[in-house]
Amino acid sequence: MWFYEKKLQYPANVRGCDLGMAKYLFAQYGGPDSELSAAVRYLTQRYTMPIPQAKALLTDIGTEEMAHWEIIGTLIYKLTDGATPEQMRQAGLGDHFAQHDNALYPHDAAGVPWTAAYIQATGDPITDLHENMAAEQKARTTYEHLISLTDDDGVIATLSFLREREVVHFQRFGEALMLVREHYQHKHIFY
């Protein structure tokens, strides 16, 4: 069961319109290492986890990633609010505007649409948990790059929060990996 609280997990404050930063943030809205990719990856992989703790963890983190996707979407929307079509074009968002106006659409910073090919669910819990740890590190790195592209204190604070959550998720996946390995050792299956 899911419960939705009608507020963001962390505030998405912006100084004003910044189309360049909005374009960059699409990396975390619809890119290969985006919040959307993470959410779909974890919520798909949870079914083949062999222990309840791992299933619960992937469900919890997958759900949290959806909340992070909402935060990124809110930042993008606020950073593009009030922009004219000409401003969107000059900022390299003309293609986006032509198809979506100011609506959000999952694509990366270069405008490449999101695809399920970005994610993997192998059915091997050890492999999937390693992939998840790597995905969290790639997302952390992306947030660090994004932070270096802005001087907006509100955006920096929000991105810093999201970066820290990636670190926590990495650690939690590492804990789950140890539990799954212990489970397999008790069954005399070794990875």
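Residues numbered from 1 in each chain as written. Predicted model: local features only at pLDDT ≥ 70, side-chain atom pairs only at ≥ 80, totals over all residues. Heavy atoms only, no water.

## Overview of the overall build of the chain
Secondary structure assignment for the chain yields seven helices and zero strands. Starting at the N terminus, the α and β elements of the chain follow one another as α-α-α-α-α-α-α. Each principal axis of the C-alpha atoms in the chain carries an extent, and together these give about 65 × 30 × 30 Å. Per-residue burial over the chain gives 40% buried out of 191 residues. Long-range pairs, those at least 24 residues apart, make up 79% of the contacts in the chain with a sequence separation of at least 6. Summed over all atoms, the accessible surface of the chain reaches about 9800 Å², with 55% contributed by carbon and sulfur. In the chain, 16 side chains carry a positive charge and 25 a negative one; their mean positions are 5 Å apart. (Helix = DSSP H or I, 4+ residues; strand = E, 2+ residues; numbered from the N terminus. Buried < 20%, exposed > 50% of the residue type's maximum accessible area, 1.4 Å probe, protein only. Contact = heavy atoms within 4.5 Å. Areas by Shrake-Rupley, 256 points an atom, 1.4 Å probe, with all protein chains shown as cover. Lys, Arg positive; Asp, Glu negative; His and termini not counted. Charge placed at Lys NZ, Arg CZ, Asp CG, Glu CD.)

## Re the layout of surface pockets
There is about 270 Å³ of room inside the largest pocket. Lining the largest pocket are 12 residues, with Phe3, Tyr4, Glu5, Thr63 and Ala67 sitting closest to its centre. When the residues that make up the lining of the largest pocket are grouped by side-chain class, the tally is six nonpolar, two polar and four charged. Approximately 170 Å³ is the volume found for the second largest pocket. The biggest single contributor to the lining of the second largest pocket is helix 5 (residues 94-100), with four residues. When the residues that make up the lining of the second largest pocket are grouped by side-chain class, the tally is five nonpolar, six polar and two charged. (1 Å grid on protein atoms, 1.4 Å probe; cavity = no way out; pocket = protein on both sides within 12 Å on 5 of 7 lines; lining within 4 Å. Points joined across faces, edges and corners; volume = space filled by probe spheres on them. Nonpolar A, V, L, I, M, F, W, Y, C, P; charged D, E, K, R; others polar.)

## Regarding the UniProt feature "binding site: Mn(2+)" (unreviewed entry) in the chain
The sites that UniProt annotates as "binding site: Mn(2+)" (unreviewed entry) are Glu35, Glu65, His68, Glu136 and His169. Spanning 135 residues, the annotated positions come together in the fold, the maximum distance between their C-alpha atoms being 12.9 Å. Within this annotated set, the largest cavity is lined by Glu35, Glu65 and Glu136. As for its position among the elements, glutamate 65 is in helix 3 (residues 52-80). When neighbours within four sequence positions are excluded, glutamate 65 is seen to be in contact with Glu35, Ala38, Ala39, Tyr42, Glu136, Glu166 and His169. Along the chain, glutamate 136 falls in helix 6 (residues 125-148). (UniProt positions renumbered as here; feature names shortened; annotations may be inferred.)

## Observations concerning helix 7 (residues 153-186)
For helix 7, spanning 34 residues, the distance from its first C-alpha to its last is 50 Å, which sits close to the expected 50 Å at 1.5 Å a residue. N-capping of helix 7 is provided by aspartate 152, with a side-chain oxygen placed 2.9 Å from the backbone N of glycine 154. Just past helix 7, the residue histidine 188 takes up positive phi, approximately 60°. (Expected span 1.5 Å × (residues − 1). Polar contact = N/O pair within 3.5 Å; in protein donor to acceptor, adjacent residues only side chain to side chain.)

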